[in-house]
Amino acid sequence: MVHGEPGVGKTAMMEYLGGRASECRIGRCSGVQSEMEIPFAGLHQLCVTMLEHLASLPGPQRDALRTTFGMSPLPVADRFLVGLATLSLLSDVASRQPLLCLIDDEQWLDGPSAQILAFVARRLGAESVGMVFGTRTLGSELAGLPSLEIGGLKQEDARALLDSVLTGPLEPRVRDQIVAETRGNPLALLELPRSLTATELAGGFTLPRAVDVSETIEQSFRQRAEALPPDSRLLLLLASADPVGDPVLVWRAAGLVGIAATAARPAIDADLVEFGVRVRFRHPLVRSAIYWSASDQGRQEAHRVLAEATDPRMDPDRRAWHRAQAADGPDEEVARDLESSAERAQGRGGLAAAAAFLAKAMDLTPDASRRSQRALAAADAAHQAGAPEKALVFLEVAAAGPTSDFERAKLDLFRAQIALTLNRGGDVVSLLLKAAGQMQQFDRRLTRETFLDAFLAALFGAHLSTGTSVREVAEAVRFGPAAPDHPSPADLLLDVLAVRFTDGYAAAIPFLKEALEAFASSTLSADEMRWLWLAHILAGNFWDEATLETARHVRIAREAGALATLPIALTSRMGAHVIMGELDRANLLLGELEAASEATGIPVASYGAVLLAAWRGGADELDGLIDRTVADLVLRGEGFGLIVTGFAKALLCNSLGRHAEAMEAAREASQYPPVMGVEPWSVLVELVEAGSRIGQIEPASQAFRRLSETTEAAGSDWALGIESRCRALLSTDDHAEEAYRDAIDRLGRTRVRGEFARAQLLYGEWLRGSGRIADCRKTLRSAFELFTSMGMEAFAERARRELQATGASVRKRAADTRSQLTAQEAQVAQLASEGLSNPEIGARLFISPPTVQYHLSKVFAKLGVNSRNQLGRVLT
């Protein structure tokens, strides 16, 4: 990141760098202020000469770039998939010749291009790719990257540069004043003398007043342009109003107003512009000086001519934008063109650009009612683009005009959805419920989706939500529009939730099974896929092992390139792996989840990491993680997460034998009300164990009664196995053994291996307490080996101590080979051992294939292997 004030030499240094990189391929793009609303304009400018390499990219990435650049009518690509595709494209180009990308005036790049290039810059590893950004100030997109601030010249050098452009004598005090005022800014030193009179240069009793450097430079360029012939000035104005720098377009526009080719010579001689493959101004300040020094009428006329010169079939969006700038008042025809441009922008994934087109269309709409409609559309696009504050401004414009009942319902719906984005707690549930009530007379599908959003807010907000209970949402659903004759999986899911909170837990079970079957058998749309994780959560609440069937969610998200939804899919999959005792696999996904979050900038709740740390038994790790997670949850109003962190704390403390602490954590978490069908049953299980171990039998028994209400209704081996295990902890000797055996038998038929091992541990401890040493050794050893193989260190240590107390010898676990590797090396090694190719691994971890190969070479050296085939054996 090369940054500094205008004129300080950033562009000159980048040009110098490009000239010195004789053995590199050079890619260039420059941000243009007037082009900031054209989606992916900067990215296309950089990549357009590299598109012959698209064929080398994986299919989803190739399609993503083709859609983004308008080369294909495929569905909108996820912007993070576009980023990964751009990384792969640059990497492929660089595999043939080192690639240097020079991105100037980054502060004026369109939003999507800035995001994509920042994504790529943060993911560069072992590629032969260099990226240098020139910008005025360091913004948030590229914060933290290596940077170099360019300051002014030292006084001696500044004086020498100033002397080199003087054509006459300069009074020393004036020279010192110029050097001081410009602060050594090279362009200012070159341009300022042009704006001074001979008397001022010779030195009078008045010195030039101190002014802003960029203003001074622009004034110099402005004066130089004003000295040109009228046709040359008009030609420069046309060129400044067209950010593309297309000489064919500029000359076509010039021909429309009768400007001859000879008009370019005076501007070229004045060192303001050059006409070649592109029209390039000497400096961005030249462009802004010429454009903004023109009158409003002059700028409008320039845009009108450029619009007329632009082919409406080849570049309709740029033509619409020029027409909009040329409009001197409301114009419905231009507004319609902008509306069409917004639709095309959304089709390419340019939501921010769509919002900008719609906002301009809104400004140019003469009819007040139509203006409100376009303001609503602009608000929707801005919200989807991640600009909720801007969306709220558009909603105020819409609310100020005449609106229909349907539009007022959409107003309230958008306000509620934005509130859900900004804050999960508070009155969000009430707002969504109100919006659903208003919407139901107009749109059944949208109404039912809004009810699901209300349930979603209730899930996350839990006890931190105010005003409306989950039961009220459920009752509103029951009185709202019914599902269609052919309900979607989301429709079935909504009905499950409504039944759960009106008719009760047991009544909802048949509906849940139907919904789960629908999610499992259907080809899910993008909208339906966002509810898949909720189906998994509900399945877990009903003790259904369908909650573990999360691999499909991750696969669909990966195949579709839906990187924005991938984090929640990975979190669900992590939870499934933890429940199944596959902690190594969960840890691998944690690395991928962190890579996805870092690459996309999408914050992810630490639920998966918290559960993983708890089952591993890492007290220090979990304590810090819980503190950070709880602070984040309270800030976002996610009361749901406090049940998760309470369970994790109780589980860890029970595994370490700190039952009093486990009791305290579980008791607090168990007081939270059930939300979204998620009873805190996991917390109740820990409360029963902790209470039974420290003599708190009454609270443990109360927890067991609450727990058994769900386990008996569910009736699965998982549910009844947990119930039997808890009953055994509270039973007398004769009944305890029967319950322990039933728990081991039932849980042994499930994939819930951690809970199965816990049942064996508790039974073994009971057997030792009963003096049955031979029996307990076999059971405890089985539990110890299971815990050890799963990486549940605290539970394994508890089983080891019990075994040692019986006089048995216990062999320590061998060191994990992966401890020799860094986190990313371990992730790469594991994926390579599973047969994934370098591009597939790169797509998982948001790195390029050369970086994957670099890490693999390190892995081979550290583990002493020379092929992928050997990795699986060594890692195992």
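Residues numbered from 1 in each chain as written. Predicted model: local features only at pLDDT ≥ 70, side-chain atom pairs only at ≥ 80, totals over all residues. Heavy atoms only, no water.

Overview of the overall build of the protein
Across its full length, the protein carries 46 helices and seven strands. The proportion of buried residues among the 876 residues of the protein is 54%. At a minimum sequence separation of 6, the contacts of the protein that also span at least 24 residues come to 68%. Total accessible area computed for the protein in this model is approximately 37000 Å², and 51% of it derives from carbon and sulfur atoms. (Helix = DSSP H or I, 4+ residues; strand = E, 2+ residues; numbered from the N terminus. Buried < 20%, exposed > 50% of the residue type's maximum accessible area, 1.4 Å probe, protein only. Contact = heavy atoms within 4.5 Å. Areas by Shrake-Rupley, 256 points an atom, 1.4 Å probe, with all protein chains shown as cover.)

As for the pattern of salt bridges
If the charged atoms of two oppositely charged side chains come close together, the side chains can form a pair. Throughout the structure, instances matching the rule amount to 52 salt bridges. Of the charged contacts in the structure, one is a salt bridge between R299 and D296, with a shortest N-O distance of 2.4 Å. Remark: D296 and R299 occur in helix α15 (residues 296–309); sequence separation between them is three residues, near one turn of the helix. Among the residues examined, R299 registers a relative accessible area of 12% and is labelled buried. Put simply, E689 and R798 hold a salt bridge, and the shortest N to O gap is 3.2 Å. Linking E689 in helix α36 (residues 681–693) with R798 in helix α42 (residues 793–805), this pair joins segments that are 109 residues apart in sequence. The exposure classification of E689 matches that of R798, with both residues buried. One continuous salt-bridge network, built from bridges that share partners, spans E686, E689, R693, R725, E755, R758, E765 and R798. (Salt bridge = Lys/Arg side-chain N within 4 Å of Asp/Glu carboxyl O.)

Regarding the nonpolar core
Grouped together as the largest cluster of nonpolar side chains are 177 residues, with contacts concentrated most on L117, M131, W543 and F787. Membership of the second largest hydrophobic core comes to 35 residues, among which are L236, L272, V279 and A302. (Core = buried A, V, L, I, M, F, W, Y, C linked by side-chain atoms within 4.5 Å.)

Structural notes on the environment of L117
Residue position: L117 is located in helix α5 (residues 111–123). A sequence separation of 16 residues divides L117 from F133, and the C-alpha atoms of the two residues are 9.7 Å apart. Dropping the residues within four chain positions of it, L117 is found in contact with C29, L43, L46, I103, L109, M131 and F133.

A word on the packing of helix α19 (residues 368–384) against helix α20 (residues 388–400)
With their axes 8 Å apart at the nearest point, α19 and α20 run at an angle of 170 degrees to one another. The orientation of α19 relative to α20 falls into the category roughly antiparallel. For the pair α19 and α20, contact is made by R371, S372, A375, L376, A378, A379, A382 and H383 and by P388, A391, F394, L395, V397 and A398, respectively. Tallied by class, the residues present in the contact of α19 with α20 amount to eleven nonpolar, two polar and one charged. (Axes fitted to C-alpha atoms, helices over the stretch in contact; angles between N-to-C directions. Parallel < 35°, antiparallel > 145°, perpendicular 65-115°, else oblique. Nonpolar A, V, L, I, M, F, W, Y, C, P; charged D, E, K, R; others polar.)

Brief notes about the sheet that holds strand β4 (residues 129–135)
Pairing within the open sheet is parallel, and its five strands lie in the order β2-β3-β4-β1-β5. Each having just a single partner strand, β2 (25–30) and β5 (148–149) make up the two edges of the open sheet. As judged from the two bridges shared by strand β1 (residues 2–3) and β5, these two strands associate in the parallel manner. Across the sheet, the residue bridging to H3 is E149, located in β5. Strands in contact with helix α1 (residues 10–20) are β1, β2, β3 (99–104) and β4; relative to β3, the strand with the most contacts, it is inclined by about 165 degrees. Along the sheet, α5 makes contact with β2, β3 and β4, crossing β4 at roughly 135 degrees. (Pairing = 2+ DSSP bridges.)

As for the packing of helix α35 (residues 659–670) against α36
A pair of packed helices is captured by two measures, namely the crossing angle of their axes and the spacing between those axes. The interhelical angle for the contact between α35 and α36, taken along N-to-C directions, is 145 degrees, at an axis separation of 8 Å. Relative to α36, α35 is oriented so that their crossing is left-handed. Listed contacts from α36 to H659, A662, M663, A666, R667, A669 and S670 of α35 are V683, L684, E686, L687, E689, A690, G691 and R693. Classifying every residue of the contact of α35 with α36 by side-chain character gives eight nonpolar, three polar and four charged. (Left-handed = near helix turned anticlockwise from the far one by under 90°.)

Looking at the packing of aromatic side chains
A ring pair, where both rings are aromatic, is described by two values, the distance of the centres and the angle of the planes. Within this structure, the stated rule accounts for eleven aromatic pairs. A ring pair is formed by W543 and W718, whose centres lie 5.7 Å apart and whose planes are at 85 degrees; its orientation type is edge-to-face. Of the two residues, W543 sits in the loop between α28 (532–541) and α29 (551–559) while W718 sits in helix α38 (residues 717–729), which places them 175 residues apart along the sequence. The interplanar angle of 20 degrees and the centroid separation of 6.1 Å between the aromatic rings of Y763 and W766 together place this pair among those described as stacked. (Phe/Tyr/Trp six-rings, centres within 6.5 Å; stacked < 30°, edge-to-face > 60°.)

Concerning helix α33 (residues 619–636)
With 18 residues, α33 extends 25 Å between its outermost C-alpha atoms, agreeing within 8% with the 26 Å of an ideal straight helix rising 1.5 Å per residue. Every buried residue belonging to α33 is among A619, L622, L625, I626, T629 and L633, and all of these are buried. Viewed along the axis of α33, the buried residues span an arc of 120 degrees, placing them on a single side of the element. Set apart from the buried face of α33 by more than 90 degrees, the exposed residues are D620, D627, R628 and L635. Here the buried face of α33 lies against α32 (607–616) and α34 (640–655). Positive backbone phi, at 75 degrees, marks G637, one or two positions downstream of α33. (Expected span 1.5 Å × (residues − 1). Arc of directions from axis to C-beta.)

What about α38?
Here α38 contains 13 residues, and its C-alpha end-to-end distance of 18 Å stays within 8% of the 18 Å for a straight helix at 1.5 Å per residue. The element α38 is extensively covered by neighbouring structure, given that ten of its 13 residues are classed as buried. By the burial criterion, the buried members of α38 are W718, A719, G721, I722, E723, S724, R725, C726, A728 and L729. As for α38, its buried residues are in contact with α30 (566–579), α36, α37 (697–714), α39 (733–747) and α40 (753–769).

Comments concerning the confidence of the model for the protein
Residue-level pLDDT values for the protein average 85, and 90% of them are 70 or greater. Contacts for the low-pLDDT stretch residues 204–211, under 50 throughout, to residues beyond four places or in other chains number ten contacts. (pLDDT = per-residue confidence, 0-100.)

Some details on the side chain of E689
According to the relative accessible area criterion, E689 is buried, its value standing at 2%. In terms of polar contacts, E689 uses its side chain to reach the side chain of R758, at 2.7 Å. With near-sequence residues (within four places) excluded, E689 lies in contact with N654, H659, L729, R758, L762 and R798. (Polar contact = N/O pair within 3.5 Å; in protein donor to acceptor, adjacent residues only side chain to side chain.)

Side note on the environment of L534
Along the chain, L534 turns up in helix α28. Given the relative accessible area of 0%, L534 is considered buried. In sequence terms L534 and S572 are 38 residues apart; their C-alpha atoms lie 9.3 Å from each other.

Topic: the environment of L730
Tracing the backbone shows L730 in the loop between α38 and α39. We classify L730 as partly exposed; its relative accessible area is 28%. For L730 and S692, which are 38 residues apart along the polypeptide, the C-alpha to C-alpha distance reads 6.4 Å. Among residues more than four places away in sequence, those in contact with L730 are V688, S692, A700, S701 and F704.

As for the side chain of E765
Residue position: E765 is located in helix α40. Leaving out residues up to four positions away in the same chain, E765 has contacts with R693, L780, R798 and E802.

Regarding the pairing of β3
With respect to burial, β3 is a largely interior element, six of its six residues being buried. Here β3 shows a buried face lined by L99, C101 and I103 and a second buried face lined by L100, L102 and D104. Bridging between β2 and β3 involves six bridges; their strand directions are parallel. Within β3, the position partnered with R28 by the bridge is L102.

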